[in-house]
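So the chains spell out like this:
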Amino acid sequence: MAASILAGSSLAVNVLDAQSLLSAFGVLGIAVVLFAETGLLVGFFLPGDSLLFTAGLLCTSTSTGRLTLSLPLTLLAAALGALTGAECGYLIGRKVGGALLARHRPEKLQRGALRAEELLDRYGHAKAIVLARFVPVVRTVLNPMAGALGVSARTFTLWQVVGGLLWTQGLVLAGYALGSSVPDVDRYLLPLIAVIVVISLIPLGLEFKRARAARHTGKDGVHG
């Protein structure tokens, strides 16, 4: 009876809901989710941005909820998950190459691959690796892409560490700062997470709009 209840509760975890993940797995969930999102192509749908921000909120003493996280452990788990995940993705790309992306057909993932390649071409390796951390889906795909395209291991590791720390520590500390200054902030958790999700999608939307404009310009040029 107890086993079935436990199994049912574990199945009730919503992997797309940051608060559900944190309630079920705590700081360990942060490391696992960020590793999967940044290191494994199957993790492209996971809520990295909202997870980090929500974790920061739940580290504050002003939270009235039952779940309270340790700020040092949260920062450490976030860094470990994101940095080891990126290295794993890079090594997979080095070993398997473009064939890995060719076998993954979800349209969202393919668009992410195109954006990742454009970032590498447009900004160069260092800046692209850092910027990709802040763009959903692209941060999943760029790591194996960098490996497949032959970015040197030294360059990749240096800049993925810089980008990974800016992304993880920045979002956790932003959530912590807001939670520390607003009493009972967890009452507003759902709208805050919605805002973070929308903000995190803005770079992807701008890139999509720019790419669509470039395609239209190309067509006009051909017809002209």
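Check the entry above for the structure.
Calculation notes
- Residues numbered from 1 in each chain as written.
- Predicted model: local features only at pLDDT ≥ 70, side-chain atom pairs only at ≥ 80, totals over all residues.
- Heavy atoms only, no water.
- Helix = DSSP H or I, 4+ residues; strand = E, 2+ residues; numbered from the N terminus.
- Buried < 20%, exposed > 50% of the residue type's maximum accessible area, 1.4 Å probe, protein only.
- Contact = heavy atoms within 4.5 Å.
- Areas by Shrake-Rupley, 256 points an atom, 1.4 Å probe, with all protein chains shown as cover.
- Axes fitted to C-alpha atoms, helices over the stretch in contact; angles between N-to-C directions.
- Parallel < 35°, antiparallel > 145°, perpendicular 65-115°, else oblique.
- Left-handed = near helix turned anticlockwise from the far one by under 90°.
- Polar contact = N/O pair within 3.5 Å; in protein donor to acceptor, adjacent residues only side chain to side chain.
- Salt bridge = Lys/Arg side-chain N within 4 Å of Asp/Glu carboxyl O.
- Expected span 1.5 Å × (residues − 1).
- Nonpolar A, V, L, I, M, F, W, Y, C, P; charged D, E, K, R; others polar.

Novice: Describe the overall build of the chain, listing the residues and the values that go with them.
Specialist: Within the chain, the regular secondary structure consists of 9 helices and 0 strands. Ordered by position in the sequence, the α and β elements of the chain form the string α-α-α-α-α-α-α-α-α. The 224 residues of the chain split such that 43% are buried. A separation threshold of at least 6 residues defines the contact pool for the chain, and within that pool the share at least 24 residues apart is 78%. Total accessible area on the chain is roughly 11,500 Å²; 68% of this is exposed by carbon and sulfur atoms.

Novice: How would you summarise the packing of helix α2 (residues 18-39) against helix α3 (residues 48-57) if you had to cite specific residues and measurements?
Specialist: Two measures define how a pair of helices packs: the angle their axes make with one another and the distance between the axes. Axis separation between α2 and α3 bottoms out at 10 Å; the angle between their running directions is 130°. In terms of their interaxial angle, α2 and α3 are classed as oblique. Read as a crossing pair, α2 and α3 show a hand that is left-handed. Contacts between α2 and α3 involve Ala18, Leu21, Leu22, Gly29, Ile30, Val33, Leu34 and Glu37 on the former and, on the latter, Gly48, Ser50, Leu51, Leu52, Thr54 and Ala55.

Novice: Residue-level account of the environment of Asp49, with values.
Specialist: Relative to the helices and strands, Asp49 resides in helix α3. Considering only alpha carbons, one finds Asp49 and Pro136, 87 residues apart in sequence, at a separation of 8.1 Å. Polar side-chain contacts of Asp49 include one of 2.8 Å to the side chain of Trp167.

Novice: If you had to explain the pattern of salt bridges to someone new, which residues and values would you point to?
Specialist: In this structure the tally under the stated criterion is 2 salt bridges. Between Glu37 and Arg139 there is a salt bridge, and its shortest N-O distance comes to 2.9 Å. With Glu37 in helix α2 and Arg139 in helix α7 (residues 138-148), the pair connects residues that are 102 residues apart, well separated along the chain. We classify Glu37 as buried; its relative accessible area is 1%. Ionic pairing is found between Arg139 and Asp49, a salt bridge with its closest N-O pair at 3.0 Å. Of this pair, Arg139 sits in helix α7 while Asp49 sits in helix α3, placing them 90 residues apart in sequence. Judged by its relative accessible area of 8%, Asp49 is buried. A single network of salt bridges, built from pairs that share partners, joins Glu37, Asp49 and Arg139.

Novice: Tell me about the side chain of Asn143, residues and numbers included.
Specialist: Within the fold, Asn143 resides in helix α7. If near-sequence neighbours (up to four positions away) are discounted, Asn143 is found in contact with Thr38, Ala86, Gly89, Tyr90 and Phe156.

Novice: Outline helix α8 (residues 153-181), supporting the account with residue identities and numerical values.
Specialist: Between its terminal C-alpha atoms α8 stretches 41 Å, which fits the 42 Å expected from 29 residues at 1.5 Å a residue. Among the residues of α8, Phe156, Gln160, Gly163, Gly164, Trp167, Thr168, Gln169, Leu171, Val172, Gly175 and Gly179 are the ones counted as buried.

Novice: Explain the packing of helix α4 (residues 71-96) against α7 to me, and be specific about the residues and the numbers.
Specialist: Closest axis-to-axis distance for the α4/α7 pair is 6 Å, and the angle between their directions is 40°. Accordingly, the angle class assigned to the pair α4 and α7 is oblique. Every pair of crossing elements has a handedness; the one defined by α4 and α7 is right-handed. Mapping the contact onto sequence places Ala86, Gly89, Tyr90, Gly93 and Arg94 in α4 and Asn143, Pro144, Ala146, Gly147 and Ala148 in α7. Considered class by class, the residues forming the contact of α4 with α7 number 5 nonpolar, 4 polar and 1 charged.

Novice: For the environment of Leu120, give the residues involved together with the corresponding values.
Specialist: Its place among the elements puts Leu120 in helix α6 (residues 107-132). Its relative accessible area of 7% is what places Leu120 among the buried residues. Here the alpha-carbon distance between Leu120 and Leu149, two residues 29 residues apart in the chain, equals 9.7 Å. Once residues within four sequence positions are removed from consideration, Leu120 is found in contact with His125, Ala128, Leu142 and Leu149.

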